[in-house]
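Listed below, chain by chain, are the residues.
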Amino acid sequence: MSGGGITYLSGGVGGAKLALGLARVLPPEDLAIIANTGDDFDHLGLRICPDIDTLVYTLSERANLAQGWGRQDESDGFMTAMRELGGPDWFFLGDRDLAMHVERTRRMRSGERLTEVTAALAGALGIGPRILPMTDTVAPTIIETVDGPVAFQDYFVRLRAAPAVTGFTLHGGAPQTPTAEVFAALEEPAMVIIGPSNPFISIDPILHLGGLRDRLRTLRDGGIPVVAVSPIVGGDAIKGPTAKMFRELGTDPSVTAVAERYSDIVSHLVLDTADAGAVGTVTALGIQAPVTPTVMRSVEDRIALARQVLALG
Ligand code: FO1
């Protein structure tokens, strides 16, 4: 199916930014995006898929860029009414965003796979590239903390990622398999790109799928570029708890720490210019370390980074 195409592994915010850059420079049929579904959960009777939502809103130019998740032009009538009723209001569902979750849930209840639902909803919003949920089965990430195990959105939103992390239970402890569409996108790609997403909670859930990590290693060892973009820049994360998680797990957040996590599968780790001094330690791990600006503030930045990454192929 994807012979010669680009297969991109993505979480939410940071991953979606580069997804937009790639979507702007590649023909739609040449880009398949594998989305983490470890953040997904049922809330108020609805199936919520935050990383898919962020990708869909970003690629359809509807994302609330300042906030990093959710839609532009959002209103809060539903949440206000929910609060009046004394219902749960810790997880914000905007009025327009609500339509996404209601329609997704309706379709899934009628028997459609998440892959099919995502294709239909992304198509309805005019998105060309394929957005492929990593699996059609339930694969929740559980955050192990000093206070015990916490469901992903409880940790991330309700507890504001405050409890110190001691580890992660991926796929709820029962490893899941990728969809046929994901396998097909990794059949004979021209290149695999791992987005600048959190390695622990955005990329590892994808790599943990049965056979996937081995598939990337086989591709790399067969000469296909497997290129990760570092989510750590100058010892910190652009957004979110990535650096905090590295520290809590006993490692200094650095591009070298990222390289070590991916050393069995990647051919390249793209470093920001702020990390040019670390090229030697990354290449010592057998990974090429091209240096380019990776902080994506504007759409032009996203396109420029996409071009730089694609040029490695
Ligand atoms: N993140 C928040 O910090 N607060 C919210 O209330 C919230 C609501 C929400 C609703 C739909 C959706 O798709 C995402 C939402 N997010 C919210 C983002 C999300 O919880 C996280 O950013 C991701 O799971 C981490 O990648």
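What counts and what doesn't
- Residues numbered from 1 in each chain as written.
- Predicted model: local features only at pLDDT ≥ 70, side-chain atom pairs only at ≥ 80, totals over all residues.
- Heavy atoms only, no water.
- Helix = DSSP H or I, 4+ residues; strand = E, 2+ residues; numbered from the N terminus.
- Contact = heavy atoms within 4.5 Å.
- Areas by Shrake-Rupley, 256 points an atom, 1.4 Å probe, with all protein chains shown as cover.
- Lys, Arg positive; Asp, Glu negative; His and termini not counted.
- Charge placed at Lys NZ, Arg CZ, Asp CG, Glu CD.
- 1 Å grid on protein atoms, 1.4 Å probe; cavity = no way out; pocket = protein on both sides within 12 Å on 5 of 7 lines; lining within 4 Å.
- Points joined across faces, edges and corners; volume = space filled by probe spheres on them.
- Nonpolar A, V, L, I, M, F, W, Y, C, P; charged D, E, K, R; others polar.
- Pairing = 2+ DSSP bridges.
- Axes fitted to C-alpha atoms, helices over the stretch in contact; angles between N-to-C directions.
- Salt bridge = Lys/Arg side-chain N within 4 Å of Asp/Glu carboxyl O.
- Buried < 20%, exposed > 50% of the residue type's maximum accessible area, 1.4 Å probe, protein only.
- Core = buried A, V, L, I, M, F, W, Y, C linked by side-chain atoms within 4.5 Å.
- Parallel < 35°, antiparallel > 145°, perpendicular 65-115°, else oblique.

Draft legend 1. Quick look at the overall build of the protein. Along the protein, the regular secondary structure elements total 13 helices and 13 strands. Restricting the contact set of the protein to residue pairs at least 6 apart, pairs at least 24 apart contribute 68%. Split by element, the accessible area of the protein, about 12,600 Å² in all, is 52% carbon and sulfur. Averaging the locations of the 26 positively and 37 negatively charged side chains of the protein gives two centres separated by 2 Å.

Draft legend 2. Geometry of the layout of surface pockets. The volume enclosed by the largest pocket comes to roughly 1,100 Å³. Taken together, 47 residues line the largest pocket, and the ones lying closest to its centre are Val13, Gly68, Trp69, Phe156 and Lys239. Those elements giving two or more residues to the lining of the largest pocket turn out to be helix H1 (13-25), helix H2 (50-59), helix H4 (95-109), helix H6 (152-158) and helix H8 (199-207). Looking at side-chain class alone, the lining of the largest pocket contains 23 nonpolar, 16 polar and 8 charged residues. If you go around the second largest pocket, the residues you meet are Val13, Ala16, Lys17, Thr54, Thr58, Ala63, Asn64, Leu65, Ala66, Gly68, Lys239 and Arg302. In terms of residue count, H1 provides more of the lining of the second largest pocket than any other element does, 3 residues in total. Among the residues making up the lining of the second largest pocket, the classes are represented as 5 nonpolar, 4 polar and 3 charged.

Draft legend 3. Structural detail: empty space enclosed by the protein. Inspection of every chain in the model, using the stated rule, returns 1 cavity of 30 Å³ or more. Space inside the largest cavity adds up to approximately 30 Å³. Forming the boundary of the largest cavity are Ile52, Val56, Met100, Arg104, Val117, Thr118 and Leu121. Of all the secondary-structure elements, those providing two or more residues to the lining of the largest cavity are H2, H4 and helix H5 (114-124). Here the lining of the largest cavity takes 3 residues from H5, the largest share from any one element. Within the lining of the largest cavity, the residues separate by chemical class into 5 nonpolar, 1 polar and 1 charged.

Draft legend 4. Geometry of the sheet that holds strand S6 (residues 142-145). Read from one edge of the open sheet, 3 strands run S7-S6-S8, paired in antiparallel fashion. Edge positions in the sheet fall to strand S7 (148-151) and strand S8 (165-169), since each has one partner strand and no second. Adjacent strand axes in the sheet meet at a mean angle of 30°, parallel and antiparallel pairs treated alike. Two elements, S6 and S7, share 4 bridges in a ladder whose sense is antiparallel. Pairing of Ile142 across the sheet is with Ala151, part of S7.

Draft legend 5. Representation of the pattern of salt bridges. All chains considered together, the criterion is met by 17 salt bridges. Asp42 is the partner of Arg47 in a salt bridge, and the nearest nitrogen-oxygen pair spans 3.3 Å. A relative accessible area of 12% means that Arg47 is categorised as buried. Across the pair Asp89 and Arg83 runs a salt bridge whose closest N-O atoms are separated by 2.9 Å. On the basis of relative accessible area, Asp89 is assigned to the partly exposed category, the value being 34%.

Draft legend 6. How the structure looks around the nonpolar core. The biggest cluster of nonpolar side chains holds 46 residues, and the ones touching the most others in it are Leu9, Ile194, Leu216, Tyr262 and Leu269. In this structure Ile194 touches Tyr8, Leu9, Ile203, Leu216, Val226, Val227, Ala228, Val229, Tyr262, Ile265 and Val266, once residues within four positions along its chain are discounted. The next biggest cluster of nonpolar side chains, apart from the first, holds 35 residues, and it includes Ala16, Val56, Tyr57 and Met296.

Draft legend 7. Quick peek at the packing of H1 against helix H13 (residues 299-310). Following both chains from N to C, one finds H1 and H13 inclined at 70°, their axes separated by 7 Å at the closest point. Here H1 is positioned roughly perpendicular relative to H13, judged by the angle of their axes. Each of Lys17, Leu18, Leu20, Gly21, Leu22, Arg24 and Val25 in H1 lies in contact with H13, whose residues at this interface are Val299, Arg302, Ile303, Leu305, Ala306, Arg307 and Leu310. Residues that form the contact of H1 with H13 fall into these classes: 9 nonpolar, 1 polar and 4 charged.

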